[in-house]
Amino acid sequence: MTSSTSHPPNATRGDLFDPQCPTRRLLDRIGTKWTSMAVKVLAEASPEEVRFAELQRRMSGISQKMLSATLQGLTRDGLVGRRVEATVPPRVYYRLTPLGLTLEEPLAALREWAEAHMAEVDRANRRSQEDTAD
């Protein structure tokens with residue numbers, strides 16, 4: 001890993017092409033559709049918090065188990081903050097941390113690209129399947 005002048009002096013910058021670099025694991029976690037959707041919902045609500053059930057409602061198709069795993073990973077990585085109210089049942093709230101807010105812009109650009117080019121990618125996939133069927 002190499003140092004970067006754009007980061008704090010004690011921080012090191014990752015190297016995606018180094019097989020031992022944790023950057024690869026981080027990209028695996030933040031590169032999922034569920035992470036992108038969770039970050040979008042939380043960014044739209046920022047600085048307010050969003051309850052677990054509301055996140056699940058707004059992220060159509062996500063299971064409770066997958067949402068829980070996604071939020072645990074984002075919380076562990078310092079991208080999402082979690083607050084629990086000691087009620088019965090407990091109320092759990094989530095919000096993006098300042099670090100998490102910095103992720104919204106690049107993920108938004110990726111979502112925009114995917115939405116703009118999905119038809120082209122679908123056509124390429126169909127052509128590829130037709131070519132392999134021959």
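The rules we used
- Residues numbered from 1 in each chain as written.
- Predicted model: local features only at pLDDT ≥ 70, side-chain atom pairs only at ≥ 80, totals over all residues.
- Heavy atoms only, no water.
- Salt bridge = Lys/Arg side-chain N within 4 Å of Asp/Glu carboxyl O.
- Helix = DSSP H or I, 4+ residues; strand = E, 2+ residues; numbered from the N terminus.
- Buried < 20%, exposed > 50% of the residue type's maximum accessible area, 1.4 Å probe, protein only.
- Pairing = 2+ DSSP bridges.
- Contact = heavy atoms within 4.5 Å.
- Axes fitted to C-alpha atoms, helices over the stretch in contact; angles between N-to-C directions.
- Patch = residues over 30% accessible without salt bridge, like charges linked within 9 Å, V, L, I, M, F, W, Y side chains within 5 Å.
- Areas by Shrake-Rupley, 256 points an atom, 1.4 Å probe, with all protein chains shown as cover.
- Phe/Tyr/Trp six-rings, centres within 6.5 Å; stacked < 30°, edge-to-face > 60°.
- Lys NZ or Arg CZ within 6 Å of the ring centre and 35° of its normal.
- Parallel < 35°, antiparallel > 145°, perpendicular 65-115°, else oblique.
- Left-handed = near helix turned anticlockwise from the far one by under 90°.
- Nonpolar A, V, L, I, M, F, W, Y, C, P; charged D, E, K, R; others polar.
- Expected span 1.5 Å × (residues − 1).
- Bend = angle between axes of the 7 residues up to and from the residue.

1. Brief notes about the pattern of salt bridges
Any two side chains of opposite charge can pair, given that their charged atoms come close.
Link 1 in the chain: Taken as a whole and judged by the stated rule, the model has 7 salt bridges.
Link 2 in the chain: The closest approach of N and O atoms between R57 and E54, which form a salt bridge, is 2.6 Å. With R57 and E54 both in helix 3 (residues 52-58) and 3 residues apart, this pair spans about one turn of that helix.
Link 3 in the chain: Accessibility expressed as a relative area gives 59% for R57, which makes it exposed.
Link 4 in the chain: The residue E104 makes a salt bridge to R111 at a minimum N-O spacing of 2.8 Å.
Link 5 in the chain: Each of K40, E44 and R58 takes part in one network of salt bridges that share partners.

2. As for the sheet that holds strand 3 (residues 91-96)
Link 1 in the chain: Strand order in the open sheet formed by 3 strands is 1-3-2, and the pairing between neighbours is antiparallel. If you trace the sheet from one side to the other, it starts and ends with strand 1 (50-51) and strand 2 (80-85), each paired once.
Link 2 in the chain: Pairing between strand 2 and strand 3: 6 bridges, direction antiparallel. Residue pairing in the sheet places R83 in a bridge with Y93 of strand 3.
Link 3 in the chain: Against the sheet, helix 2 (residues 33-45) contacts strand 1, strand 2 and strand 3, and its axis sits at roughly 90° relative to strand 3.

3. Regarding a nonpolar patch on the surface
Link 1 in the chain: Together, L110, W113, M118 and V121 make up a nonpolar patch on the protein surface, roughly 380 Å² of accessible area in all.
Link 2 in the chain: Along the chain, W113 turns up in helix 5 (residues 98-133).
Link 3 in the chain: For W113, a relative accessible area of 49% gives the class partly exposed.

4. Some remarks on the packing of aromatic side chains
Link 1 in the chain: Applying the stated criterion across every chain yields a total of 0 aromatic pairs.
Link 2 in the chain: Taking the ring centre of Y93 as reference, the NZ or CZ of R83 above it sits at 4.4 Å.

5. Considering the packing of helix 2 against helix 5
For any two helices packed against each other, one specifies the crossing angle of their axes together with the interaxial distance.
Link 1 in the chain: For the pair helix 2 and helix 5, interaxial distance at closest approach is 9 Å and the crossing angle is 120°. By the criterion of interaxial angle, the relationship of helix 2 to helix 5 is oblique. Here helix 2 runs over helix 5; the crossing is left-handed. Where helix 2 abuts helix 5, its residues S36, V39, K40 and A43 lie against G100, L103, E104, L107 and R111.
Link 2 in the chain: Of the residues in the contact of helix 2 with helix 5, the class split is 4 nonpolar, 2 polar and 3 charged.

6. A short note on helix 5
Link 1 in the chain: The end-to-end C-alpha distance of helix 5 is 49 Å, a good match for the 52 Å that 36 residues give at a rise of 1.5 Å each.
Link 2 in the chain: Within helix 5, the axis deviates most sharply at H117, by approximately 55°.
Link 3 in the chain: Burial in helix 5 covers these residues: G100, L103, E104, L107 and R111.
Link 4 in the chain: If you follow the buried residues of helix 5, they end up packed against helix 1 (23-30), helix 2 and strand 3.

7. Observations regarding the packing of helix 2 against helix 4 (residues 64-76)
Link 1 in the chain: Between helix 2 and helix 4, whose axes approach to 10 Å, the crossing angle comes to 75°. Viewed along their axes, helix 2 and helix 4 adopt a mutual orientation that is roughly perpendicular. Along the contact surface, helix 2 presents W34, T35 and A38, while helix 4 presents M66, T70 and L74.
Link 2 in the chain: Within the contact of helix 2 with helix 4, the residues separate by chemical class into 4 nonpolar, 2 polar and no charged.

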